[in-house]
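Descriptive structure summary
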Amino acid sequence: MHLHILGICGTFMGSLALLARELGLTVSGSDANVYPPMSTQLEEAGIVLCEGYSADNLVPRPDRVVIGNALSRGNPEVEAVLDLGLPYVSGPEWLAEQVLPGRRVIAVAGTHGKTTTASLLAWLLESAGQVPGFLIGGVPRNFGVSARLGAHDAPFVVEADEYDTAFFDKRSKFVHYRPEIAILGNLEFDHADIFPDLAAIERQFHHLVRTVPGRGRLLVADGEPALDRVLEMGAWTPVERFGIAAGSPWRLALERDDASRFRVIHECHDAGAEVNEDAVVDWALTGAYNARNALAALAAANACGVDLPRAAAALSRFATPRRRQELRGEVAGIEVIDDFAHHPTAIAATLEGLRAATPRGRLLAVIEPRSNTMRLGTLRERLAASVAAADAAFWFQPPGLDWSLAPVLEASPVPARLLEDLDALVAALVAEARPLDRIVVMSNGGFGGIHEKLLAALEVAHAD
């Protein structure tokens, strides 16, 4: 069977392609934006990639087409699929039909931290010998791929996105997955291109809650008012809280300011289940938000039979997913770090974590606001404050951003510069950076290959 995927280089659709290939299907795909790491792993898997969208990409005629949610009516390849009468389906629906039946599905949902939490959970299950399947919106470095089938009798971890499913199905992706365990990590307003307000997203999260069976489990972060409102709409599944609140059965206590060491406390006093245990985690990640992600993963792994001491020990061997605080290189004592942060909350959390882990040298933030929410300018009033933990901020005005970042610079709590040319941005960073500095580049896109360009320019500048 030949499966053709439109939008194949998106993190979700590319992962879907890997699963289809593992199932033995012939897989091809097309996309207008091809860049690593997804393009690299697809090519390594022997999947044919077509650059751009065209009816010609449908020759030879595929048996079925999977259409990504980034594509709309008017796209030439979408129009050709419809005109030719080809069978088509959304990515989440294909996953639900072909991969998830009979599996113990664990869905990881939340505005932030889904990729890291899902990667953590898959690694904890793997370390316990369970051989989980997974589909993650990034490339976990412990596995080297973003998706695999795993053992059929093992859990399947899926990053559960609230973004819409397809142009013909406007429900959130995660309503298709029917998980037995759902992690709700946090919830705030995002995706302003499809949701009018936070209440609309809360309603979608409640649709997810409605699909979790009574024998399952809802692992819900404490201290999240929006998630509290979701549960107030009704819950028919046992709820287990995690976070820092005194009454939560899963709690963490930081033992270092940068959260590279923390204690996990698990207390459960429900009828028939008296648990009182703790464990210390020493790991390579920093930031309280990452410790919270780990706590969620530990709770989910425990629900799958992984004991806390074993899981805590496995975290010391966890490597961050690609593009999540990923060190891309170091030149003359200057580190270049890649991070996917693109929402003000995520930008602030990333910088605060790195700030705590940078005792010497400066933290230089480089930000490309290119997500759909950023392009609409919905959260621009919060951008200036998001860089407070940095020593300086370099903002890039990408093509298609039809509002000016100048007011963000005017309100900046740290020295800030605005650049509209990538080469000029690289030159400015090279001129500014000095040994012991850490340059963290934040974008949810390829950013024109800035990481490689920056490292090459630093090599030239420090060749002597």
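Per UniProt, the protein chain has the following entry under Catalytic activity (unreviewed entry): "UDP-N-acetyl-alpha-D-muramate + L-alanyl-gamma-D-glutamyl-meso-2,6-diaminopimelate + ATP = UDP-N-acetyl-alpha-D-muramoyl-L-alanyl-gamma-D-glutamyl-meso-2,6-diaminopimelate + ADP + phosphate + H(+)".

Here's the deal with the overall build of the protein chain
The secondary structure content of the protein chain amounts to 15 helices and 23 strands. The C-alpha atoms of the protein chain give a radius of gyration of 22 Å, which matches the 23 Å a tight globule of 464 residues would have. For the protein chain, the spread of C-alpha atoms along the principal axes amounts to about 60 × 60 × 40 Å. Sorting the 464 residues of the protein chain into buried and exposed places 59% on the buried side. Sequence-distant contacts, at least 24 apart, represent 65% of the contacts inside the protein chain between residues at least 6 apart. As displayed, the protein chain offers around 17,800 Å² of accessible surface, 49% of which is attributable to carbon and sulfur atoms. Across the protein chain, the mean location of the 41 positive side-chain charges is 3 Å away from that of the 59 negative side-chain charges.

Examining the environment of Ile 244
Summarising the element assignment, Ile 244 is placed in the loop between β14 (239-243) and β15 (250-254). The spacing of Ile 244 and Glu 224 is 20 residues in sequence and 11 Å in space, taken between C-alpha atoms.

Quick word on the environment of Ala 182
Within the secondary structure layout, Ala 182 lies in strand β12 (residues 181-184). Through-space distance from the C-alpha of Ala 182 to that of Val 220 is 8.3 Å; in sequence the pair is 38 residues apart. Not counting residues up to four positions away in its chain, the partners in contact with Ala 182 are Ala 107, Val 212, Arg 217, Leu 218 and Leu 219.

Regarding the UniProt feature "binding site: ATP" (unreviewed entry) in the protein chain
Taking the numbering used here, the UniProt-annotated feature "binding site: ATP" (unreviewed entry) corresponds to Gly 110, Thr 111, His 112, Gly 113, Lys 114, Thr 115 and Thr 116. In this structure Thr 111 comes out as buried when scored by relative accessible area, which is 9%. Note on placement: Thr 115 falls in helix α5 (residues 114-127).

Considering the sheet that holds strand β22 (residues 416-419)
Ordered by their spatial adjacency, six strands build an open sheet running β18-β19-β23-β20-β21-β22, and the pairing between neighbours is mixed. Two strands in the sheet have a free side with no partner beyond their single neighbour: β18 (326-331) and β22. Put simply, the sheet's adjacent strands are angled 20° from each other on average, direction ignored. By the bridge criterion, four bridges tie strand β20 (residues 363-367) to strand β21 (residues 392-396) in an arrangement that is parallel. Within β21, the position partnered with Ile 367 by the bridge is Trp 395. Sitting on the sheet, helix α14 (residues 422-432) touches β20, β21, β22 and β23 (438-442), and the angle it makes with β21 is about 170°.

Quick word on the pairing of β20
Summarising burial for β20: five of the five residues are buried, a large majority. Side-chain alternation along β20 places Leu 363, Ala 365 and Ile 367 on one buried face and Leu 364 and Val 366 on a second face that is also buried.

Concerning α14
Every α-helical turn comprises 3.6 residues, leaving residues that sit three or four positions apart pointing alike. Those residues of α14 that fall on the buried side of the exposure criterion are Leu 422, Leu 425, Val 426, Ala 428, Leu 429 and Val 430. Check the buried side of α14 and you find it contacts β20, β21, β22, β23 and α15 (450-461). In this structure Asp 421 caps α14, since a side-chain oxygen of it lies 3.1 Å from the backbone nitrogen of Asp 423.

A short note on the domain arrangement of the protein chain
Domains assigned within the protein chain are domain 1 (2-90), domain 2 (100-316) and domain 3 (326-462). When each unit is reduced to the centre of its C-alpha atoms, the spacing between domain 2 and domain 3 is 29 Å.

Quick word on the packing of α14 against α15
As a packed pair, α14 and α15 sit with axes 10 Å apart at the nearest point and diverge in direction by 45°. Overall, the two elements α14 and α15 adopt an arrangement that is oblique. As for the relative orientation of α14 and α15, their crossing is right-handed in sense. Contact with α14, carried on its side by Leu 422, Leu 425, Val 426, Leu 429 and Val 430, involves Ile 450, Lys 453, Leu 454, Ala 457, Leu 458 and Ala 461 of α15 and no other residues of that element. Classifying every residue of the contact of α14 with α15 gives ten nonpolar, no polar and one charged.

Re the side chain of Thr 117
Relative to the elements of secondary structure, Thr 117 occurs in helix α5. With residues up to four places along the chain from it excluded, the contact list for Thr 117 reads Val 108, Ile 183, Asn 293, Ala 296 and Ala 297.

Here's the deal with the sheet that holds strand β5 (residues 88-90)
The strand order across the open sheet formed by five strands is β3-β2-β1-β4-β5, and the pairing between neighbours is parallel. One side of each edge strand has no neighbouring strand; the edge strands of this open sheet are β3 (48-51) and β5. The average undirected angle you get between the axes of adjacent strands in this sheet is 25°. With three bridges connecting them, strand β4 (residues 64-67) and β5 associate as parallel partners. Of the residues in β5, the one forming a bridge with Ile 67 is Ser 90.

Rules used in this analysis
- Residues numbered from 1 in each chain as written.
- Predicted model: local features only at pLDDT ≥ 70, side-chain atom pairs only at ≥ 80, totals over all residues.
- Heavy atoms only, no water.
- UniProt positions renumbered as here; feature names shortened; annotations may be inferred.
- Helix = DSSP H or I, 4+ residues; strand = E, 2+ residues; numbered from the N terminus.
- Rg over C-alpha atoms; globule rule 2.2 N^0.38 Å.
- Buried < 20%, exposed > 50% of the residue type's maximum accessible area, 1.4 Å probe, protein only.
- Contact = heavy atoms within 4.5 Å.
- Areas by Shrake-Rupley, 256 points an atom, 1.4 Å probe, with all protein chains shown as cover.
- Lys, Arg positive; Asp, Glu negative; His and termini not counted.
- Charge placed at Lys NZ, Arg CZ, Asp CG, Glu CD.
- Pairing = 2+ DSSP bridges.
- Axes fitted to C-alpha atoms, helices over the stretch in contact; angles between N-to-C directions.
- Polar contact = N/O pair within 3.5 Å; in protein donor to acceptor, adjacent residues only side chain to side chain.
- Domains from an automatic or database assignment.
- Parallel < 35°, antiparallel > 145°, perpendicular 65-115°, else oblique.
- Left-handed = near helix turned anticlockwise from the far one by under 90°.
- Nonpolar A, V, L, I, M, F, W, Y, C, P; charged D, E, K, R; others polar.

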